[in-house]
Structure formats: C-alpha cells, structure tokens
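# What the coordinates show
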Amino acid sequence: MIDGQTQLVGVMGWPIAHSLSPAMHNAAFGALGMNWRYVPLPVHPTQVGAAIAGLRAMGFRGCNVTVPHKEAVIPYIDQLPPHVARFGAANTLILHHDEHGQCTISGENTDVQGFVHALQQSGVDPHGRQVLIVGAGGAARGVIYGLCQAGAASAVVLNRTPERATALIADLQMQACETALSADALTVHGLERHANEAELMINTTTVGMWPHADASIWPDDRPLPRHLVVCDLVYRPLETRLLQQARASGAVPIDGLGMLIGQGALSFQMWTGIWPPEEVMRAACESVLFGHQGHRDRAEAQSGHGAA
Ligand code: ATR
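Below: a short report on this structure. Here the structure is a predicted model, which is why all the values come from computation and not from measurement. (Residues numbered from 1 in each chain as written. Predicted model: local features only at pLDDT ≥ 70, side-chain atom pairs only at ≥ 80, totals over all residues. Heavy atoms only, no water.)

## A closer look at helix 5 (residues 138-149)
Since the α-helix advances by 3.6 residues per turn, residues separated by three or four positions end up pointing in the same direction. End to end, helix 5 covers 17 Å across 12 residues, agreeing with the expected 16 Å (1.5 Å per residue, within 8%). Burial within helix 5 is extensive, with nine of its 12 residues counted as buried. Among the residues making up helix 5, those that are buried are Ala140, Arg141, Gly142, Val143, Ile144, Tyr145, Gly146, Leu147 and Cys148. Looking one or two places after helix 5, you find Gly151, whose phi comes out positive at around 80 degrees. (Helix = DSSP H or I, 4+ residues; strand = E, 2+ residues; numbered from the N terminus. Expected span 1.5 Å × (residues − 1). Buried < 20%, exposed > 50% of the residue type's maximum accessible area, 1.4 Å probe, protein only.)

Here it is in structure tokens:
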C-alpha cells in the first residue's frame, strides 16, 4: 500500500515506457517488505534540469538515469566521484535531504560495476583475461571501462565503423587504463581471428535485438570457438541468435539481463543500504519479457540493450 511514509525512487529517460527497471525494483521492494516505490519518469531532453529540481523538491530518495540523459545530468550533480567525472556519464542519482529542506545529489555509474558483477555472478572473472568487444557505442564504453577497472589483460574492439573504435580506445587510453587496448574493423575474417585468440567475447551492438532477432554478428556457417565465453548485452530476445550459436557450438553463453540486474542491484543498495534479492529481480524482468504465461516470444518493446 502506498501511504504517507512511502519513499520514492524512479528512472528518467526518453522514451521510458520500455524500461524493465520499475518491475525489477518494485519486485525487490515487495520481497523485502519495504515501503518504497520505483516509478517511470518520462523526461524530455529539454527538461532534464527541471526534472532534477523536481526530484529535489519532492523528496525523491534516488533516481536512475537512462538513454539519452546519462551525460546531460552531470552538471546538476553536487558530488561526483572522480571515476564518474572521468567517465562523463552517470546512471544513478542519490538524494540526501536534510531537515532544513536542503538536498545534495551525489552521482554514480553502476552500469560499469554492474557489468563486472554480472560476469562474476556467471563465474567469469575478467581479471587477466583477453577480451573481444564488438561495437563501439555508449554501451561498449561502459563495458571497456569496467574491464579496465577489473584488470583485464587486453581488449580488442571491432566495429563496423572502425574510426569509432579507434576514437573510443584513444579516449580510454587517456584515462590511464592498464588493459592493452586495440581497435579493428568488424569483418568476418577479423571476428573469427580475434575470437580464436580471446577468452571472452562481448556483443555490445544492437545486432540481434528484436524485431531483428534472426540477425547475428557471427556468420551462420561456422561454429564459435568452444573455449569462448560469449556475452550479449541484448536482452530482447533473452536468448539471442548469437547466444544460440554459442550454445550450439559448446561455448558458454551469458545473457544480457545480468548487466541490467547488476546495475540495478548496485543502485538499489546505494539508495537503501540493502542488497536486493537478485533472483527476484530476474524473475520480475522475465515475467515482463515473456508474459505471465511464459511466452518467450512476446516482445512488444522498442529496446532491449544495455542497462536500465
Ligand atoms: P549504444 O549506446 O547502445 O552502444 P550506439 O551508440 O548507437 O548504441 O552504438 C550501437 C553500436 O552497434 C555501434 O557500435 C554500431 O556500429 P557503428 O558505430 O558502425 O554504427 C553497432 N551496430 C548497429 N547496427 C549494426 C550492424 N547492423 N552491424 C554492425 N554493427 C552495428
């Protein structure tokens, strides 16, 4: 029941209707018997400052930030840890209210740690590993930053537009990342060669995302290397064509919900001080993705990639 004591958190984005985060967080609040609620906040790009002033004024305890606002919120944050300032994007706001009506906002980026947490939950520690990343967009940036922090030995970035991969690693190299970074064009030959050398392959592109669920970055006529752990950030559908190919080849598939849950669990803990039940969060996401009858092909949303 919502009453006078209910504490509010939410997620701001544009659009926001596709987000799994309200279902995921509210399920965790329910399971823990906490009088908190998590609401979707559709915030037009012209209204980011006003929306943050509204969070302060209305006593929100926290807020997630998703596409396209992760960079735009930075100037409105009062306390920004150096690693978030360097990264230049925040996905979590923590609001501290005092009895005089003052509110201080601190910012974090749980996408980065959430990704590493998700890998570790699947039994994969990126420390010392050789990693192949496909894609060079915003999601790739968070993944590579996380891999640098986790001490991966090397990361090769392949992208359809190779200049974007080169620019991305140049930017990360300026930030004293000790992981050996390199960039190349995404070609079938290059993909196969690098996949044979890597231990972990991560798809950060939108290839294979609903409604193009038949697409894959990997060619259909060859198996994936058996030794590879294959992680796909796409979670609509949950088992992408790439993960089907990985499973059929004897490689280890890791689905995209882990990262969503990892970043969500870290944000939840920052707001409440409590680590949420991750299995409850996953079940809530799956229930939205598959419908209550378990229809795995029910996918009415526009997006299903990365975080929040
Ligand atoms: P996000 O912030 O979610 O990473 P993005 O910045 O739009 O989204 O990046 C999407 C990534 O998917 C890019 O690496 C993009 O490649 P380009 O930089 O060449 O555009 C990649 N991508 C999208 N569609 C693709 C396709 N059909 N084949 C290969 N790569 C694709």
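## Quick notes on the site of the ligand
Near the ligand lie 14 residues; those nearest to it are Ala136, Asn159, Arg160, Thr161 and Arg164. Between an oxygen atom of the ligand and a main-chain N or O atom of Gly138, the distance comes to 3.2 Å. Note that an oxygen atom of the ligand is positioned 2.7 Å from one of the side-chain N or O atoms of Asn159. Bound to the protein, the ligand loses 68% of the 650 Å² it would expose on its own. Residues that form the shell around the ligand fall into these classes: four nonpolar, eight polar and two charged. (Near = heavy atom within 4 Å. Polar contact = N/O pair within 3.5 Å; in protein donor to acceptor, adjacent residues only side chain to side chain. Areas by Shrake-Rupley, 256 points an atom, 1.4 Å probe, with all protein chains shown as cover. Nonpolar A, V, L, I, M, F, W, Y, C, P; charged D, E, K, R; others polar.)

## Thoughts on the pattern of salt bridges
Counted by the stated rule, this structure contains 10 salt bridges. Arg222 serves as the salt-bridge partner of Asp221, at 3.4 Å between the closest nitrogen and oxygen. Relative accessible area serves as the criterion here: at 61%, Asp221 is assigned to the exposed category. The partner of Asp255 in a salt bridge is Arg282, with the nearest N and O atoms 3.1 Å apart. One end of the pair, Asp255, is in the loop between strand 11 (252-254) and helix 9 (257-272); the other, Arg282, is in helix 10 (residues 278-290), and 27 residues separate them in sequence. For Asp255, a relative accessible area of 21% translates into the label partly exposed. Among the ionic contacts, a cluster of salt bridges with common partners joins Glu192, Asp221 and Arg222. (Salt bridge = Lys/Arg side-chain N within 4 Å of Asp/Glu carboxyl O.)

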